[in-house]
Amino acid sequence: MPKVELTDKFCGRAKATDGRRKTDYFDVATRGLCLRATSGGGRTWFAVYGPPAKRQWLKLGSYPETGLAKARQKARDARAAVGDGKDPVADKKALAAGDTVADMVESYIARHASTKRSGDQIARMLRKDVSGIIGDIKLAGLHRRDLTKCIDTVADRGAKVTAVRLFANMRAMVRWAKGRGDLDSNLMEGMTRATDETERERFLSDGEIRSMWRTLADADMRESTRRILRLCLVTGQRVGEVAGMTRAELNLEGDAVWTIPAERVKNGREHKVPLSSMAVEIIGLQIADADALAKRKKRKAPAWIFPAPGGRAAVTRAAVSRAVARCDWGMPAWTPHDLRRTAATNMEELGISPFIVGHVLNHATVTKATITSRVYAKYDYAKEKREALDTWATRLAELRKI
């Protein structure tokens, strides 16, 4: 059991020595702090206390999820607790015996997932497909087969793409829980996905665009939902971004622009969308209807362009997808996101550079591909994006007349 002055550089390179399965490195700067390096590349923190005959090993987390400074503080806290007559290992075992998978899910959501842009979606998935299936299982008795059961249940109901995404979210949660010390091991390490999430290639042909636009007029959905779908096709933006559009994001005077704030954008960067006259017309009609409804209901006009019933929130992406799914379009199935792909495909067919189309779509592979594009190149291609979207709107108007 070598004693060394642990540093971040040392911890990052620590490994088992002399062909052993594990090597324990004790920190000379913090009494009782140990970094255990295994032959498999794992590195785990422990606070070690008690006499040799009754030595206790309190797991503090994994490196690098738990950094050196935090591990030292945890070790000092553990020794302070021992000095007060407590037994941290026994206390942890008692706590783990009571904690359930549902408790782990809620802790992960509150402490980690909620900080992500897709936090609400992650929370819904984990609560439904993890807590709803194995939530009552104690963490102390959790097995890999329990986690597999969640994924299999989702896949067996035909939701293969959801099963793939659930796997990714569960893997992140379990890794996080192990890093904190809530789980003693990463139960998903070595597990493979039951299915693959294949990239969609569906886009609407010219004939399908005409049919969709005409069918949309009488489709079984709210008029605001119809307009969201039209805007998805006209602007090429994501359905969630269109549905969540607010009045504050719009400048409809002169060269109309829709500015989507960073917190509503997938790549976390503010995105300016030049609006064609067709897009401005659709938005104008929706604002007029929303104002008229607010006036009839004697309430303040909503901040959202597409308010949900009651006006207290925006229409959700899921609601738009459900509306499309329940309609008979007289063509192979399509989703709202396929309209975005349709717009992109048509713009390229019209001779617009894929680079400019990437800026219209705000794809990170184009707008953040290099240090230069992320930090130094500040030109926003507003002129080129406007020309691209105006050209596509002109083509779309022609298709509607045929």
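How each quantity is defined
- Residues numbered from 1 in each chain as written.
- Predicted model: local features only at pLDDT ≥ 70, side-chain atom pairs only at ≥ 80, totals over all residues.
- Heavy atoms only, no water.
- Helix = DSSP H or I, 4+ residues; strand = E, 2+ residues; numbered from the N terminus.
- Rg over C-alpha atoms; globule rule 2.2 N^0.38 Å.
- Buried < 20%, exposed > 50% of the residue type's maximum accessible area, 1.4 Å probe, protein only.
- Contact = heavy atoms within 4.5 Å.
- Lys, Arg positive; Asp, Glu negative; His and termini not counted.
- Charge placed at Lys NZ, Arg CZ, Asp CG, Glu CD.
- Pairing = 2+ DSSP bridges.
- Axes fitted to C-alpha atoms, helices over the stretch in contact; angles between N-to-C directions.
- Core = buried A, V, L, I, M, F, W, Y, C linked by side-chain atoms within 4.5 Å.
- Parallel < 35°, antiparallel > 145°, perpendicular 65-115°, else oblique.
- Nonpolar A, V, L, I, M, F, W, Y, C, P; charged D, E, K, R; others polar.
- Phe/Tyr/Trp six-rings, centres within 6.5 Å; stacked < 30°, edge-to-face > 60°.
- Lys NZ or Arg CZ within 6 Å of the ring centre and 35° of its normal.

## So, the overall build of the chain
In step 1: In terms of helices and strands, the chain carries 17 helices and 8 strands.
In step 2: Scaling as 2.2 N^0.38, a compact globule of 402 residues should have a C-alpha radius of gyration of about 21 Å, whereas the chain reaches 27 Å, well beyond that.
In step 3: By its C-alpha atoms, the chain is 85 × 45 × 45 Å across when sized along the principal axes.
In step 4: Across the 402 residues in the chain, those meeting the buried criterion constitute 45%.
In step 5: For the chain, long-range pairs separated by at least 24 residues make up 57% of all intrachain contacts whose partners lie at least 6 apart in sequence.
In step 6: Side chains of the chain give 74 positive and 49 negative charges; the mean places of these two sets differ by 4 Å.

## A short note on the sheet that holds strand β4 (residues 43–49)
In step 1: Taken in spatial order, the 5 strands make up an open sheet running β1-β2-β3-β4-β5, and their pairing is mixed. One side of each edge strand has no neighbouring strand; the edge strands of this open sheet are β1 (3–4) and β5 (56–62).
In step 2: In this structure, β1 lies alongside strand β2 (residues 22–27), joined through 2 bridges in parallel fashion. In the strand pairing of β2, K3 is matched with F26.
In step 3: Each of β2, β3 (33–38), β4 and β5 touches helix α2 (residues 68–83); the most contacted strand, β4, lies at about 25° to it.
In step 4: Along the sheet, helix α7 (residues 160–180) makes contact with β4 and β5, crossing β5 at roughly 135°.

## Section: the nonpolar core
In step 1: Membership of the largest hydrophobic core comes to 54 residues, with the highest contact counts inside it found for M212, I228, W329 and M347.
In step 2: With near-sequence residues (within four places) excluded, M347 lies in contact with I352, V357, V360, A388, L389 and W392.
In step 3: Counting 31 residues, the second-largest nonpolar core is a separate cluster that includes A113, M125, L142 and L166.

## Quick word on the sheet that holds strand β6 (residues 250–251)
In step 1: Spatially, the 3 strands line up as an open sheet ordered β6-β7-β8, and their pairing is antiparallel. With one partner strand each, in any of the chains shown, β6 and β8 (271–274) form the two edges of the open sheet.
In step 2: Where strand β7 (residues 257–260) meets β8, 4 bridges bridge the pair, whose relative direction is antiparallel. The residue bridging V257 from the neighbouring strand is P274, located in β8.

## Section: the packing of helix α4 (residues 101–111) against helix α5 (residues 119–134)
In step 1: In the contact formed by α4 and α5, the axes pass within 9 Å of each other and the chain directions differ by 170°. Here α5 runs roughly antiparallel to α4, going by the angle between their axes. Here α4 contributes V101, A102, V105, E106, Y108 and I109 to the contact with α5, which in turn contributes I122, A123, L126, R127, V130, S131 and I134.
In step 2: Considering only residue class, the contact of α4 with α5 consists of 10 nonpolar, 1 polar and 2 charged.

## Describing the side chain of E241
In step 1: With respect to the secondary-structure elements, E241 resides in helix α10 (residues 239–243).
In step 2: Taking relative accessible area as the criterion, E241 reaches 4% and is therefore assigned buried.
In step 3: Beyond its immediate stretch of four places on either side in the chain, E241 contacts W258, I260, R264, V265 and K266.

## Here's the deal with the packing of aromatic side chains
For any pair of aromatic rings, the description rests on two quantities: the centre-to-centre distance and the angle between the ring planes.
In step 1: Considering all chains together, one arrives at 7 aromatic pairs under this definition.
In step 2: Residues F10 and Y25 carry aromatic rings whose centres are separated by 5.1 Å and whose planes lie at 80° to one another, so their mutual orientation is edge-to-face. In this pair, F10 is assigned in helix α1 (residues 8–13) and Y25 in strand β2, connecting sequence segments 15 residues apart.
In step 3: The class for F10 is partly exposed, based on a relative accessible area of 27%.
In step 4: Members of the aromatic cluster, joined through ring pairs, are F26, F46 and W57.
In step 5: Taking the ring centre of W57 as reference, the NZ or CZ of R36 above it sits at 4.8 Å.
In step 6: Positioned over the ring face of W213 is R230, at 5.9 Å from the centre of the ring.

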